[in-house]
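# Observations on the model geometry
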Amino acid sequence: MSTTTTPLDDPESIDVTPFALRIPEILENIFEHSDEKSNRTNNVLVCKAWSDPCLNVIWREVKDLSRLVKLLGPTVLRGSRLLDFSQTDKPPKWDRFSFYARRVRKIHHEGERAGTYRAGLALRSVFTDIAYQRLSNNIVPNLQVLEWHSDTSLYMQNPSILFMGPSLKHYILHEVKPSPAELSLNLRTLADRCPHINHVKISLDSAAQSHGDIILDFVMRMADLHTLELPPFGNMAPLTNVLRGHSCLRRLQIGGCHAIDGRLDKPCITSLALPSPGGDHFASLTFLSIVVPYAVVEKLFSHKFPSLQQIFIFSDLRKPETPSTIKHLIDTLTETCSQIHYVHLSYAFLPEEKYTRFPPASCIVTMAHIRPLLRCSKMQNFIFKHPFPITLDDQFAEEIATSWPDLLKLQLNHIPLVRRKDFKNCFTLRALLPFARHCPRLVHLSILVVPESSTCPTLGDIQSLPSSFFSKLYSFDVGSSMLYESDKHQVALTLSQILPPRSVLCYHNNVKNDLSSDTDEETPPLSPEARNWKSVMDKIPYMRWMDQLAKTEQRELRRKLQELETENERLRTQTQTLYA
């Protein structure tokens, strides 16, 4: 914009302003990418046309509740923790408050975790005054997201209900020390004031069955929920029995980070499903994530899930799931989830110190346990994490690649709790060939391999692949695969020819950092296998350069030979003409 002495709000200045900078939506997009200091001190003061969209960005998210409180009038900190209005004889400035509050779209309250009075703990008095004066009115009329982290302290007197209104779409509640009475008040108020809210997340540090009954009453009233995130508790069968009839529910997550804590010595959920008649069964559910043993969650899939596409199951059994349990679960998923394209089977927590020996053969997961899932032809992502390696062969890689042509991510690396050097019942590097041939969209490949020189693909095998093979491959993860010194050169040569230049080779380091050693704490020493893989990773760019140099020399040699042949043909023709 050109500099002029004319005020920017003057029509003459507006005429030279680019038309795009007069559109509020574009201005808001620009201000969102600007830093907060520039918005507060510069952009908002440019002109009236800029002021309104800039204020919308500045006040879109409020993390400090005292910012809202101070709009009503001057405040003072009494004692060490209590914030109060300093001019109690004057009425609050509700017009000023409304001018800014109508711009707020998200409130993020950290509660006691922030450690200062601005977090809200000291706002007891001002919230009480606001509640008495505006009890029947929604003080933030356009609020869409309310994220509330707190405990049930009496200091707060549950001010979060002041922000619950019909415009609210997303509600997040995290209680540190949940009280049934406090939780019940929060959820009952939310159901009354926001009957059409579509996203609710409830996180409790210690969930009991009494909390489950309160959540059940809440869920029964909220038939329009699209996304629901809940904490795990013992008997969840009544809750899932209600949710299965919610026709709008699309995403369901049960169990969060605290379920992975590992402090409990038994699973959180003991019952997940009740026998139910036919009819609608999670008709619109597309995403399911749950922390529960495989045998318990299997009972949930007693009916078909017509729309389910993504499944994340984290076992909290505190011991490895048996191969038969894994196969039963995979069989059930294959039969009941026809639209599935993302499966993640893993563990929420496993005590590593309990598994120091390699298990017997009856505890090893084999191809037969996973093969039923190959019938799901729409599969794009399959992640299977298990404490022990899986028995696989290169023929199974061919089956996977041909059955899942749309594959984007495959992870079959085990959780490296135990690694036996003589375990060789897994893929070789030849297993890369079917994925390169049949999976053009593959981005991430994570498999355990036996990288021996004798089993590496030949140059002819690689040259027979399609011209654009592995064009989107970003990472190849070999996990804790064993690699010996004698095989490093051939493995590096093979990977330099088959992996695209942009891909990353990943490996697992089995050595943990010893803080008492003289090594850098942030850089643990490498195990022998990891050192070998690092050497391979360092050699790959050099071998690619050498290969490119050889190809360049070959092209130059062919060009010179072509020139000589052309010159020879010209001279032959000239000689024949002279003799004729």
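Just so it is clear, the structure is predicted and the values come from calculations on it, not from any experiment.

Quick notes on the rules
Residues numbered from 1 in each chain as written. Predicted model: local features only at pLDDT ≥ 70, side-chain atom pairs only at ≥ 80, totals over all residues. Heavy atoms only, no water. Helix = DSSP H or I, 4+ residues; strand = E, 2+ residues; numbered from the N terminus. Contact = heavy atoms within 4.5 Å. Buried < 20%, exposed > 50% of the residue type's maximum accessible area, 1.4 Å probe, protein only. 1 Å grid on protein atoms, 1.4 Å probe; cavity = no way out; pocket = protein on both sides within 12 Å on 5 of 7 lines; lining within 4 Å. Points joined across faces, edges and corners; volume = space filled by probe spheres on them. Nonpolar A, V, L, I, M, F, W, Y, C, P; charged D, E, K, R; others polar. Expected span 1.5 Å × (residues − 1). Salt bridge = Lys/Arg side-chain N within 4 Å of Asp/Glu carboxyl O. UniProt positions renumbered as here; feature names shortened; annotations may be inferred. Axes fitted to C-alpha atoms, helices over the stretch in contact; angles between N-to-C directions. Parallel < 35°, antiparallel > 145°, perpendicular 65-115°, else oblique. pLDDT = per-residue confidence, 0-100. Pairing = 2+ DSSP bridges.

Helix and strand counts for the protein stand at 18 helices and 17 strands. Here the contacts in the protein between residues at least 6 apart in sequence split such that 76% fall between residues at least 24 apart.

Let's shift gears to unusual backbone geometry. Glycine aside, residues mostly have negative phi, and peptide bonds are mostly found in the trans state. A positive phi is found at Phe-282, a non-glycine position, where the angle reads about 50 degrees. Residue placement: Phe-282 occurs in the loop between strand 9 (251–254) and strand 10 (287–291). Residue Phe-282 is classed as buried on the basis of its relative accessible area of 2%. The phi dihedral of Phe-470 falls on the positive side, at around 55 degrees, and the residue is not glycine. Relative to the assigned elements, Phe-470 resides in the loop between helix 16 (459–463) and strand 16 (475–477).

A probe matching the size of a water molecule, rolled over the atoms, marks out where space remains unfilled. As enumerated under the stated definition, the model contains five cavities of 30 Å³ or more in all. Lining the second largest cavity are 10 residues, with Thr-240, Ala-273, Leu-274, His-281 and Leu-300 sitting closest to its centre. Of the residues contributing to the lining of the second largest cavity, the split by class is three nonpolar, five polar and two charged.

Quick look at helix 12 (residues 323–336) now. Here helix 12 spans 20 Å end to end across 14 residues, near enough to the 20 Å set by a 1.5 Å rise per residue. With 10 of 14 residues buried, helix 12 lies mostly within the body of the structure. What helix 12 keeps buried is the set Pro-323, Thr-325, Ile-326, Leu-329, Ile-330, Asp-331, Thr-332, Leu-333, Thr-334 and Thr-336. Packing partners of the buried residues in helix 12 comprise helix 11 (294–298), strand 11 (310–315), strand 12 (342–347), helix 13 (367–370) and strand 13 (381–384).

By the definition in use, this model includes 14 salt bridges. For the salt bridge of Asp-406 with Arg-441, the shortest nitrogen-to-oxygen distance reads 3.9 Å. Here Arg-441 lies in the loop between helix 15 (432–438) and strand 15 (444–446) and Asp-406 lies in the loop between helix 14 (394–403) and strand 14 (409–411), a separation of 35 residues in the sequence. Assessed through its relative accessible area of 33%, Arg-441 is described here as partly exposed. Three or more residues joined by partner-sharing salt bridges are found here, namely Glu-61, Lys-106 and Glu-147.

For the rest of this paragraph, the subject is the UniProt feature "coiled-coil region" (unreviewed entry) in the protein. UniProt annotation of "coiled-coil region" (unreviewed entry) refers to residues 547–577 when read in the numbering used here. The annotated region residues 547–577 carries 100% helix and 0% strand content, and the separation between its end C-alpha atoms amounts to 45 Å.

Following both chains from N to C, one finds helix 8 (residues 180–193) and helix 9 (residues 209–221) inclined at 5 degrees, their axes separated by 10 Å at the closest point. Accordingly, the angle class assigned to the pair helix 8 and helix 9 is roughly parallel. Of the residues in helix 9, those in contact with Pro-180, Leu-183, Ser-184, Leu-187, Arg-188, Leu-190, Ala-191 and Asp-192 of helix 8 are Ser-210, His-211, Ile-214, Ile-215, Phe-218 and Arg-221. Of the residues that constitute the contact of helix 8 with helix 9, the class distribution is eight nonpolar, three polar and three charged.

Compared with an ideal rise of 1.5 Å per residue, which puts 14 residues at 20 Å, helix 8 spans 20 Å between its outermost C-alpha atoms and is within 8% of the ideal. Listed in full, the buried residues belonging to helix 8 are Glu-182, Leu-183, Ser-184, Asn-186, Leu-187, Thr-189, Leu-190 and Ala-191. On its buried face, helix 8 is in contact with strand 6 (170–175), strand 7 (199–204) and helix 9.

Relative to the assigned elements, Asp-217 resides in helix 9. Here Asp-217 falls in the partly exposed class, since its relative accessible area comes to 49%. Counting along the chain gives 25 residues from Asp-217 to Val-242, while the straight-line C-alpha distance between them is 9.9 Å.

Time to look at the confidence of the model for the protein. The predicted model of the protein averages 79 in pLDDT, with 78% of residues at 70 or higher. Throughout residues 113–121 the model reports pLDDT below 50, and contacts reaching past four residues in sequence, or to other chains, amount to 20 contacts.

Here we come to the pairing of strand 8 (residues 227–230). Residues of strand 8 alternate between two faces, with Thr-227 and Glu-229 on one and Leu-228 and Leu-230 on the opposite face, all of them buried. Of the pairings in the sheet, the one linking strand 7 to strand 8 comprises three bridges and is parallel in character. Residue pairing in the sheet places Val-200 in a bridge with Leu-228 of strand 8. Two elements, strand 8 and strand 9, share four bridges in a ladder whose sense is parallel.

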